[in-house]
Amino acid sequence: MNITVIGRGNIGGGLADLWGRAGHQVTRLGRDGGDAGAADAVLLAVPGTAVESALSSVVGLEGKAVLDATNLYGGAQPPAGFASNAEYVKAMTGGPTAKAFSANFASLFGQLADARVRPSNLWAGDDQAEGLVKQLSLDAGYEAVRLGDLGMAGTQEGLAGVLFSIAQSGLGQFVYRMATPEQL
Ligand SMILES: NC(=O)c1ccc[n+]([C@@H]2O[C@H](COP(=O)([O-])OP(=O)(O)OC[C@H]3O[C@@H](n4cnc5c(N)ncnc54)[C@H](OP(=O)(O)O)[C@@H]3O)[C@@H](O)[C@H]2O)c1
């Protein structure tokens, strides 16, 4: 698969490395932008307050499937008129859209391959994005767990504060697994 990552920092760069190792062709764009026209899938991994600016510097996004990993915390808001960054992305691109890879710590990407069971990767979004989220979660070392449709993206964007609080309350940076008792 051809994947374009917009944002090549901890999350964008980290997932680009994992997906590259899984056999995908990954193009990395930074704040200078670029062309996503050849992409089968796009990952958005810029600061949560930079989404409008980031999308405006990338061409070729029309109709693309986008996985939006951004978080909003500390009172930061999505673009005016939208309940979440992911819904803004959907309005700009018109393609299948999911909030995904936002509720995990990038610092632990290097340890996923050694996990006894796959950690969960929460996502919320369009039915048409489900296959892509499941595949790219597996290719990164996660199992996708759906939180809801795109209307739940704002809830997921706000989970960063919950994760930070758990980490700072003694556990440190962590992975998690949501599973039925039969899957344990
Ligand atoms: N770090 C984590 O563990 C983690 C986990 C889940 C979700 N997230 C979320 O993922 C997003 C990225 O986090 P990160 O830790 O990967 O950040 P980061 O390491 O600081 O990387 C940010 C990337 O965004 C680009 N960027 C910054 N401002 C931009 C702008 N105005 N327009 C376009 N691109 C811009 C930077 O471009 P240059 O390369 O050109 O500098 C850089 O590549 C955030 O929304 C964060 O909340 C982070």
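Each remark here, short or long, concerns the structure printed above.
Residues numbered from 1 in each chain as written. Predicted model: local features only at pLDDT ≥ 70, side-chain atom pairs only at ≥ 80, totals over all residues.

Is there a simple way to think about unusual backbone geometry in this case?
Across the chain, the bulk of peptide bonds are trans and the bulk of non-glycine residues have phi less than zero. Despite not being glycine, F101 shows a phi value in the positive range, around 65 degrees. As for its placement among the helices and strands, F101 is situated in the loop between β7 (97-100) and β8 (120-125). (Helix = DSSP H or I, 4+ residues; strand = E, 2+ residues; numbered from the N terminus.)

Please clarify how the nonpolar core should be interpreted in this entry.
Within soluble globular proteins, side chains that are nonpolar generally end up buried alongside one another. In terms of nonpolar packing, the biggest core is built from 46 residues, with I6, V42, L43, L44 and L67 touching the most fellow members. If one sorts the elements of this core by residue count, helix α1 (residues 10-21) sits on top with 5 residues. In this view, I6 contacts G12, L29, V42, L43, L44, A45, V46, A54 and V58; residues no more than four positions away in its chain are not counted. (Core = buried A, V, L, I, M, F, W, Y, C linked by C-beta atoms within 7 Å. Buried ≥ 20, exposed ≤ 12 C-beta atoms within 10 Å, placed from the backbone. Contact = placed C-beta atoms within 7 Å.)

Help me out: how do you make sense of the sheet that holds strand β6 (residues 66-68) in this one?
By way of backbone hydrogen bonds, the strands of a sheet pair with one another, either parallel or antiparallel. Here 7 strands make up an open sheet; going across it, the order is β2-β1-β4-β6-β7-β8-β9 and the pairing mixed. The open sheet terminates on both sides in strands that have one partner only, identified here as β2 (25-29) and β9 (143-148). Taking the axes of each pair of neighbouring strands and ignoring which way they run, one obtains an average angle of 25 degrees across the sheet. Where strand β4 (residues 41-44) meets β6, 3 bridges bridge the pair, whose relative direction is parallel. By the bridge assignment for β6, L43 is matched with L67. In the packing of α1 onto the sheet, contacts are made with β1 (2-6), β2 and β4, and the angle to β2 comes to roughly 165 degrees. (Pairing = 2+ DSSP bridges. Axes fitted to C-alpha atoms, helices over the stretch in contact; angles between N-to-C directions.)

Is there a simple way to explain the site of the ligand in this structure?
Surveying the vicinity of the ligand reveals 23 residues, the closest of which are G9, N10, G30, A54 and N71. The element that contributes the greatest number of residues to the shell around the ligand is α1, accounting for 3 residues. For the shell around the ligand, the residue count by class is 10 nonpolar, 11 polar and 2 charged. (Near = placed C-beta within 6 Å. Nonpolar A, V, L, I, M, F, W, Y, C, P; charged D, E, K, R; others polar.)

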